[in-house]
Amino acid sequence: MNDTQKAQALLSLYEKCFLERYGRKPILNRYRDKWGMLDMIHSIGYPRSQEIIEYYFKTGKSNHPLSYLFNNFDNIDRFYEQSEIDRMKRLELLKKTKEVVAGEH
Amino acid sequence: MSTEAAVISAVCKNKDMGTLLQLNADDMFVSHRDIWDSLKAYYSKYRSVPDISILEDRFSDFMAVPTTETTSFYIDRMRDEFLQNKLRDMLVRTGTSLKSDSPSRIIEQMQVEVNKLGKYAHNVRDVDVVDLADAESYYEALRQQSIDRGGTPGIPTGVKAIDVCYPTGMAGGHLIVIIGWPGRGKSFISAYIACKAWEQGYRPMIVSLEMSPEDMRNRIYTLMGSGLFNMTDFQRGMINMDDFHSWGKRSLENRPSFIITSNDGVSDITPAMVQGKIEQYRPDLVICDYHQLFNDNKNSRSEVERNKNISREFKQLAMSNNIPVIDITAATMDDISDQDNPPMLSQVAWSKAIEYDADLAFAVHRHTDTDIIELVGRKSRHGTLFAVFLNADLGRGVITETFESN
């Protein structure tokens, strides 16, 4: 799959997530919007772009416009990474706390 | 009239020991030191200020003094008298020394003595690290307090994982911040902590600006019953009154007070008003539910400034009353983050204020469509961070700790 095809696939993913969230399809201009997706692919890679699009629909942004994603995918990516690190830290903390509590008994 | 007797009388009348405990008051009592020590011992043991008649019975030469002002007023007078006497002594000794000693040595000596008096002259407390006697007396008092309270100087939260990782407990002066997304169990967990404190003999006070006092009481009864009642039944008034009455007689009579205070959503509440309630009820633990619904004492217009001020003012409430204060705060929803995980400190708009003011901050997060509540320590000044899951039946008020999420 070349980059243009990947960009089109990301647009389809965005369309699918939007439909699931709002029950209707977004208005897309696939010819124009593919450039935004290409920018994302070149910046953070295709697999990460897929994750970020899915994560975008979990954020508090209302209506989840495509333009906001194009302008802020780097910030979303940064936060998503922090969130993943936090998830790992919480698991580690859980394990440590369990040991400390067990040691008290 | 003896000022020391007036201070002791005012403390017993106004029941505000906290005002005095936070000062370097011990040294200021000279003629009534034994009575003051007895009052402190009583307070440490029973966590309440005795009636003045108890002190009169115990010390035959002590006579209560009629007081009309606040305790702070008499403390200020006692402090002024104490400083006057100390300064007079120092000046007389200096005058005498001038006849035989060198001026430079006398100045040096005076500087040392004036510095020592400095700690009494204002409310900023100083501690000299090399003052071993002061440290020993502090640790002795702290040890006694820990023994009286079952091994910790503060109030245990009732959640084993937190209590093990935060060994001081919720001690006087501590600001504990609970953060979470809206509707994810913050108020519930704080009510649970309040119930656990009450079960141990402490007097909690919940300032609930989110729920009516009756709604909060429903929740408290459900938690106190721990499986006996269903919150929905309370909300519908469909409880068996005989069962409720006999449970109430058994569980609530002759127990410490448990105050819920609310504005019913009508007026603005500030930390200064909370101070008024503290003076009225003298609670051992105050829970402010929740941060965003309070106004700061300055009535600031800017949201960020207001929230920062409230954080600092809650901390001051905790310090000045020598009690722990729990500040419940909602994490700030934004455009680039989700609400599927416990919020991090950075997800609270005034996170810097929390980082400065809070002694303990932890996130509460009920996972969507489950009874699992995750608690994660985000800041701990007196212990280590922790994480634990609570299996919480919110309807019946039954909570069990677990380290498995499913």
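Quantities reported herein were computed from a predicted structural model and do not represent experimental measurements.

### Some points on the overall build of chain A
Along its length, chain A carries four helices and zero strands. The C-alpha radius of gyration of chain A comes to 18 Å, more than 25% above the 13 Å expected for a compact globule of 105 residues. At a minimum sequence separation of 6, the contacts of chain A that also span at least 24 residues come to 66%. For chain A, the accessible surface area stands at approximately 6,200 Å², while carbon and sulfur atoms represent 50% of it. If the 18 positive side-chain charges of chain A are averaged to one point and the 15 negative ones to another, these points end up 4 Å apart.

### What about the sheet that holds strand E5 (residues 325-330) of chain B?
One key point about sheets: their strands pair by backbone hydrogen bonds, in either a parallel or an antiparallel sense. Residues and elements named next belong to chain B. Across the sheet, nine strands lie side by side as E3-E2-E4-E5-E1-E6-E7-E8-E9; this open sheet has mixed pairing. Each end of this open sheet is capped by a strand with a single partner; those strands are strand E3 (259-261) and strand E9 (398-402). Across this sheet, the average inter-strand angle for adjacent strands is 20°, counted without regard to direction. Where strand E8 (residues 387-393) lies against E9, five bridges are found, and the strand directions are antiparallel. Counterpart to Asn-391 in the pairing with E9 is Thr-400. Relative to E5, helix H9 (residues 186-199) is tilted by about 165°, and along the sheet it contacts strand E1 (175-180), strand E2 (204-208), strand E4 (285-289), E5, strand E6 (360-366), strand E7 (372-380), E8 and E9.

### Focus: the interface of chain B and chain A
Tallying the contact residues gives 27 residues for chain B and 21 residues for chain A. A combined buried area of about 2,100 Å² lies between chain B and chain A, and 64% of that area is made up of carbon and sulfur atoms. Put simply, chain B and chain A have three salt bridges between them. Of the charged contacts in the structure, one is a salt bridge between A:Arg90 and B:Glu374, with a shortest N-O distance of 2.9 Å. The interface formed by chain B and chain A holds six residue pairs in polar contact (both at pLDDT 80 or more) in total. Every element with two or more residues in the side of chain B that touches chain A is listed here: helix H8 (160-165), E7 and E8 of chain B. Classifying every residue of the side of chain B that touches chain A by side-chain character gives 13 nonpolar, six polar and eight charged.

### Re the packing of helix H1 (residues 3-14) of chain B against helix H5 (residues 71-98) of chain B
For any two helices packed against each other, one specifies the inter-axial angle together with the distance between the axes. Residues and elements named next belong to chain B. Orientation of H1 relative to H5, taken along the N-to-C sense of each, is 160°, at an axis distance of 9 Å. Taken together, H1 and H5 sit at an angle that is classed as roughly antiparallel. Like other packed secondary-structure pairs, H1 and H5 cross with a definite hand, here left-handed. When H1 is examined against H5, the residues Thr-3, Glu-4, Ala-6, Val-7, Ala-10, Val-11 and Asn-14 are found in contact with a partner set consisting of Thr-71, Tyr-74, Ile-75, Arg-77, Met-78 and Glu-81. Looking at side-chain class alone, the contact of H1 with H5 contains seven nonpolar, three polar and three charged residues.

### Here we look at the packing of aromatic side chains
Following the criterion strictly, the structure yields 19 aromatic pairs over all chains and no others. Arranged with centres 4.7 Å apart and planes meeting at 45°, the rings of A:Phe18 and A:Tyr22 form a pair that is tilted. Taken as a pair, A:Phe18 and A:Tyr22 lie in helix H1 (residues 3-22) at a separation of four residues, close to a single helical turn. Look at B:Phe294 and B:Phe314: their rings are 5.2 Å apart centre to centre, the planes differ by 85°, and that puts the pair in the edge-to-face class. Pair noted here: B:Phe294 is in the loop between E4 and helix H14 (303-321) and B:Phe314 is in helix H14, with a separation of 20 residues, a long-range link. Taken individually, B:Phe294 and B:Phe314 each receive the classification buried, so the pair is uniform in this respect. Chaining the aromatic ring pairs together yields one cluster made of A:Tyr14, A:Phe18, A:Tyr22, A:Tyr56, A:Phe57 and A:Tyr68.

### Topic: the environment of B:Ile176
Residues and elements named next belong to chain B. Along the chain, Ile-176 turns up in strand E1. Since its relative accessible area comes to 2%, Ile-176 is described here as buried. Expressed as a C-alpha distance, the spacing of Ile-176 and Ile-287, which sit 111 residues apart in the sequence, is 9.2 Å. Those residues within four positions of Ile-176 in sequence are excluded, and the remaining contacts are Met-170, Pro-324, Val-325, Ile-326, Asp-327, Leu-360 and Phe-362.

### Things to note about unusual backbone geometry
Residues and elements named next belong to chain B. Here the bond from Asp-289 into Tyr-290 is cis, since omega is -5°, no more than 30 degrees from zero. Mapped onto the elements of the fold, Tyr-290 is located in the loop between E4 and H14. A positive phi angle, close to 50°, is found at Arg-282, a residue other than glycine. As for its placement among the helices and strands, Arg-282 is situated in the loop between helix H13 (271-281) and E4. When its relative accessible area of 15% is taken as the criterion, Arg-282 is described as buried. Within the chain, Asp-369 stands out as a residue other than glycine whose phi angle is a positive 60°. Among the secondary structure elements, Asp-369 is positioned in the loop between E6 and E7. The exposure class of Asp-369 is exposed, given its relative accessible area of 79%.

Conventions used here
Residues numbered from 1 in each chain as written. Chains lettered and ligands numbered in written order. Predicted model: local features only at pLDDT ≥ 70, side-chain atom pairs only at ≥ 80, totals over all residues. Heavy atoms only, no water. Helix = DSSP H or I, 4+ residues; strand = E, 2+ residues; numbered from the N terminus. Rg over C-alpha atoms; globule rule 2.2 N^0.38 Å. Contact = heavy atoms within 4.5 Å. Areas by Shrake-Rupley, 256 points an atom, 1.4 Å probe, with all protein chains shown as cover. Lys, Arg positive; Asp, Glu negative; His and termini not counted. Charge placed at Lys NZ, Arg CZ, Asp CG, Glu CD. Pairing = 2+ DSSP bridges. Axes fitted to C-alpha atoms, helices over the stretch in contact; angles between N-to-C directions. Buried area = accessible area lost by both parts, 1.4 Å probe. Salt bridge = Lys/Arg side-chain N within 4 Å of Asp/Glu carboxyl O. Polar contact = N/O pair within 3.5 Å; in protein donor to acceptor, adjacent residues only side chain to side chain. Nonpolar A, V, L, I, M, F, W, Y, C, P; charged D, E, K, R; others polar. Parallel < 35°, antiparallel > 145°, perpendicular 65-115°, else oblique. Left-handed = near helix turned anticlockwise from the far one by under 90°. Phe/Tyr/Trp six-rings, centres within 6.5 Å; stacked < 30°, edge-to-face > 60°. Buried < 20%, exposed > 50% of the residue type's maximum accessible area, 1.4 Å probe, protein only.

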